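Observations on the three-dimensional arrangement
Each chain is listed here by its residues.
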Amino acid sequence: MNQGMLFKEEEELTQLRETEDELARRHKEFDDARRRIAQERIEMETTMPPLEEIQVRMRRKKHEETVSRGEIANIRRDQNRSLMMLVLLVAATAALVWWGLRVMQGG
């Protein structure tokens with residue numbers, strides 16, 4: 001009976017040690033996280049905001065991209081119109097050649 005009681009006490013002691021180790025590990029994680037957050041806050045406070053010139057450059061680049069997209073759309077539209085005109089001219093030429101051949105044949 002004495003042996004069974006010792007075994008239970010050892011088991012409880014082992015569980016207490018495991019719990020203590022887990023708490024120590026969590027405490028260390030908490031300290032590390034607190035240090036990391038403090039470091040990030042210091043870095044954020046010491047970082048300079050972007051200069052106005054950088055913002056102006058970014059707006060200009062965005063504007064140029066938008067304008068170039070519009071120009072591309074205009075060029076495509078012009079090319080499509082030109083292609084349609086070419087197809088119509090070829091069709092008209094073919095019709096005139098066909099009509100001319102019919103006239104020459106006396107038909």
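Structure shown above.
Attention in this report is confined to the structure presented alongside it. (Residues numbered from 1 in each chain as written. Predicted model: local features only at pLDDT ≥ 70, side-chain atom pairs only at ≥ 80, totals over all residues. Heavy atoms only, no water.)

Turning next to the overall build of the chain. The number of helices and strands found in the chain is two helices and zero strands. Relative to the compact-globule value of 13 Å for 107 residues, the chain shows a C-alpha radius of gyration of 42 Å, a clear excess of over 25%. Its C-alpha atoms give the chain principal-axis dimensions of roughly 135 × 50 × 5 Å. By the burial criterion, 1% of the 107 residues in the chain qualify as buried. (Helix = DSSP H or I, 4+ residues; strand = E, 2+ residues; numbered from the N terminus. Rg over C-alpha atoms; globule rule 2.2 N^0.38 Å. Buried < 20%, exposed > 50% of the residue type's maximum accessible area, 1.4 Å probe, protein only.)

The end-to-end C-alpha distance of helix H2 (residues 52-104), which contains 53 residues, comes to 77 Å, matching closely the 78 Å that a straight helix rising 1.5 Å per residue would cover. Of the residues trailing H2, Gly106 is marked for its positive phi of about 85°. (Expected span 1.5 Å × (residues − 1).)

Before going further, it helps to spend a moment on the pattern of salt bridges. A full pass over the atoms with the stated rule returns seven salt bridges. Note that Glu22 is salt-bridged to Arg25, the shortest N-O span being 2.4 Å. In this pair, Glu22 and Arg25 are both assigned in helix H1 (residues 2-46), three residues apart and thus about one turn of the helix distant. Judged by relative accessible area, Glu22 falls into the partly exposed class, the value being 29%. As a salt-bridge pair, Glu40 and Arg36 come within 3.6 Å of each other at their nearest N and O atoms. In this pair, Glu40 and Arg36 both sit in helix H1, four residues apart, roughly one turn of the helix. Residue Arg36 is classed as partly exposed on the basis of its relative accessible area of 47%. Within this structure, Glu22, Arg25, Arg26 and Glu29 form a network of salt bridges that share partners. (Salt bridge = Lys/Arg side-chain N within 4 Å of Asp/Glu carboxyl O.)

Bringing a negative patch on the surface into the picture now. Among the surface-exposed residues, Glu9, Glu10, Glu11 and Glu12 lie close enough to one another that they form a single negatively charged patch. Checked against the element boundaries, Glu11 lands in helix H1. Residue Glu11 is classed as partly exposed on the basis of its relative accessible area of 42%. (Patch = residues over 30% accessible without salt bridge, like charges linked within 9 Å, V, L, I, M, F, W, Y side chains within 5 Å. Areas by Shrake-Rupley, 256 points an atom, 1.4 Å probe, with all protein chains shown as cover. Lys, Arg positive; Asp, Glu negative; His and termini not counted. Charge placed at Lys NZ, Arg CZ, Asp CG, Glu CD.)

With respect to the helices and strands, Thr46 occurs in helix H1. Between the C-alpha atoms of Thr46 and Arg76, which are 30 residues apart in sequence, the distance is 50 Å. At a separation of 3.2 Å, a polar atom in the side chain of Thr46 contacts the main-chain carbonyl oxygen of Glu43. (Polar contact = N/O pair within 3.5 Å; in protein donor to acceptor, adjacent residues only side chain to side chain.)

Geometry only, nothing functional implied.
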